[in-house]
Amino acid sequence: MTVRPQPGRPAASRSSRPVVLGQNQYGKAENRVVKITREGATHHIKDLNVSVALSGDMEEVHYSGSNANVLPTDTTKNTVFAFAKEHGIESAEQFGIHLARHFVTSQEPIHQARIRIEEYAWERIPASDANSQFIGADEVKHSFVRQGQETRLTQITYDGERWEVVSGLKDLVVMNSTNSEFWGYVKDKYTTLPEAYDRILATQVAARWRFNWTDDEQRMPQWETSYKQVKKHMLEAFAETYSLSLQQTLYQMGARIINHRAEIDEVRFSLPNKHHFLVDLEPFGLKNDNEVYFAADRPYGLIEATVLRDGCEPRIPEDLTNL
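First, a word on scope: everything that follows refers to the structure included in this document. Just so it is clear, the model here is predicted, and its values are computed rather than measured. (Residues numbered from 1 in each chain as written. Predicted model: local features only at pLDDT ≥ 70, side-chain atom pairs only at ≥ 80, totals over all residues. Heavy atoms only, no water.)

1. Observations regarding the overall build of the chain
From N to C terminus, the chain includes six helices and twelve strands. Compactness check: the chain gives a C-alpha radius of gyration of 25 Å against a globular reference of 20 Å for 323 residues, more than 25% above the reference. Projected onto its principal axes, the C-alpha coordinates of the chain cover approximately 90 × 70 × 45 Å. Relative to its full complement of 323 residues, the chain shows a buried share of 41%. A separation threshold of at least 6 residues defines the contact pool for the chain, and within that pool the share at least 24 residues apart is 67%. As presented, the chain carries roughly 19300 Å² of accessible surface, and 49% of it is formed by carbon and sulfur atoms. Taking the average location of the 37 positive side-chain charges in the chain and that of its 45 negative ones, the two points are 4 Å from each other. (Helix = DSSP H or I, 4+ residues; strand = E, 2+ residues; numbered from the N terminus. Rg over C-alpha atoms; globule rule 2.2 N^0.38 Å. Buried < 20%, exposed > 50% of the residue type's maximum accessible area, 1.4 Å probe, protein only. Contact = heavy atoms within 4.5 Å. Areas by Shrake-Rupley, 256 points an atom, 1.4 Å probe, with all protein chains shown as cover. Lys, Arg positive; Asp, Glu negative; His and termini not counted. Charge placed at Lys NZ, Arg CZ, Asp CG, Glu CD.)

Right under this line is the structure:
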């Protein structure tokens, strides 16, 4: 019989100037779960990428290697798939809330759970009337095409008492082909950019918004409706703003959301300016009357800002890279 040695804390941790463990977390990242809901011949799809991060009384596993308080990451993976069956996926937010509550309330050493979810949207493929009499295509309700507009996001954090739900989207590309200007800016000896009084304004929207729902005593938002309405107001503001700067457009997008959605207190945007430059066609004897552009890939201007409900404190991180 082999006797395994008992792990001991490194000597450095007992010295007069110890090395101290800081913030830590662990979990299973990017669990790809697809849930099919069948209502007779009609099917519905929820396609998620779920990442779980847990924190709490985990010092000893770092200091000595003791796993006594560690719920295996493989177990967290299994929980994601089991919950897809047991609870269904009504929305990314609701699914994340079920998971976070479970991990914090079922495991005493776990004090906080953070669930990050990306959702990939699918839309139903319409049937062809021409072939329906032969193959029954008018009855097909199980064929889908992946939507390519944006990726929906949410992050749920729960500590056993309070919730924080931050949702959003990324990779939503939008363009105004006119009603945008850029002039009157600071000029120095390095400035070569000509002023523009009719330009293309395009960006790839990354946005996060924080809900003011924080505890179970409050009425929970209608997550699906909220997402659709936030996106609607965001796009309407982009389209309806006569823009003198991308910063002005950003503020109008955030203000429209805050003014129309009472459940949201804070919006954070990261907007790369997808530059379109007029091509010089004079060498070919042609006049370019705001018709032909070169779409520049990089470098690009990057405009970022938070828009808040008056009296609220910002909580969304300034850097959205890992949120």
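2. A few points about the sheet that holds strand 6 (residues 151-158)
One open sheet accounts for eight strands, arranged 1-2-3-6-7-8-9-12; its pairing is antiparallel. Strand pairing shows two members of the sheet lacking a second neighbour, strand 1 (31-39) and strand 12 (301-308), which therefore form its edges. Direction aside, the axes of adjacent strands within the sheet are offset by 20° on average. Where strand 8 (residues 201-211) meets strand 9 (residues 264-273), seven bridges bridge the pair, whose relative direction is antiparallel. Bridge pairing in strand 9 places Ala-206 opposite Ser-270. Docked against the sheet, helix 2 (residues 73-86) engages strand 1 and strand 2 (42-56), running at close to 15° with respect to strand 1. The sheet strands contacting helix 6 (residues 246-260) are strand 8, strand 9 and strand 12, and the helix crosses strand 9 at an angle near 155°. (Pairing = 2+ DSSP bridges. Axes fitted to C-alpha atoms, helices over the stretch in contact; angles between N-to-C directions.)

3. Comments concerning the pattern of salt bridges
Summed over the entire model, instances satisfying the criterion amount to 19 salt bridges. Lys-46 serves as the salt-bridge partner of Glu-119, at 3.0 Å between the closest nitrogen and oxygen. Of the two residues, Glu-119 sits in strand 3 (residues 110-120) while Lys-46 sits in strand 2, which places them 73 residues apart along the sequence. For the residue pair Glu-119 and Lys-46, the accessibility class agrees, reading buried in each case. Measuring nitrogen to oxygen at the nearest pair gives 3.6 Å for the salt bridge that ties Glu-236 to Arg-256. Taken as a pair, Glu-236 in helix 5 (residues 223-240) and Arg-256 in helix 6 lie far apart in primary sequence, 20 residues in all. Among the residues examined, Glu-236 registers a relative accessible area of 27% and is labelled partly exposed. (Salt bridge = Lys/Arg side-chain N within 4 Å of Asp/Glu carboxyl O.)

4. Quick word on a nonpolar patch on the surface
On the surface, Trp-183, Tyr-197, Tyr-242 and Leu-244 cluster together into a nonpolar patch covering about 440 Å² of accessible area. Position of Leu-244 relative to the elements: it lies in the loop between helix 5 and helix 6. (Patch = residues over 30% accessible without salt bridge, like charges linked within 9 Å, V, L, I, M, F, W, Y side chains within 5 Å.)

5. Points about the packing of aromatic side chains
One pass over the structure, following the stated rule, counts seven aromatic pairs. Geometrically, the ring pair formed by Phe-182 and Tyr-185 is stacked, given 4.8 Å between the ring centres and 20° between the ring planes. The class for Phe-182 is partly exposed, based on a relative accessible area of 27%. Measuring from ring centre to ring centre gives 5.7 Å for Trp-183 and Tyr-197, while their planes differ by 25°; the resulting arrangement is stacked. Placement of the pair is Trp-183 in the loop between strand 7 (163-176) and strand 8 and Tyr-197 in the loop between strand 7 and strand 8, with a sequence separation of 14 residues. Note on Tyr-197: relative accessible area 48%, which makes it partly exposed. Three or more aromatic residues joined by ring pairs make a cluster, and in this case those are Tyr-158, Trp-163, Phe-211, Trp-213 and Trp-223. Just above the ring of Tyr-185 sits the side chain of Lys-187; from NZ or CZ to the centre is 4.6 Å. (Phe/Tyr/Trp six-rings, centres within 6.5 Å; stacked < 30°, edge-to-face > 60°. Lys NZ or Arg CZ within 6 Å of the ring centre and 35° of its normal.)

6. So, the packing of helix 2 against helix 3 (residues 92-106)
Where helix 2 meets helix 3, the closest approach of the two axes is 11 Å, and the angle between their N-to-C directions is 130°. Here helix 3 runs oblique to helix 2, going by the angle between their axes. Every pair of crossing elements has a handedness; the one defined by helix 2 and helix 3 is right-handed. Where helix 2 abuts helix 3, its residues Thr-76, Thr-79, Val-80, Phe-83 and Ala-84 lie against Phe-95, His-98, Leu-99, His-102 and Phe-103. Broken down by class, the residue content of the contact of helix 2 with helix 3 amounts to six nonpolar, four polar and no charged. (Parallel < 35°, antiparallel > 145°, perpendicular 65-115°, else oblique. Left-handed = near helix turned anticlockwise from the far one by under 90°. Nonpolar A, V, L, I, M, F, W, Y, C, P; charged D, E, K, R; others polar.)

7. Focus on the pairing of strand 1
Bridge count for strand 1 against strand 2 is nine bridges, and the pairing is antiparallel. Within the sheet, the bridge partner assigned to Val-33 lies in strand 2 and is Leu-48. Counting the residues that bridge the hairpin from strand 1 to strand 2 gives two residues, and of these Gly-40 lies at a positive phi of roughly 65°.

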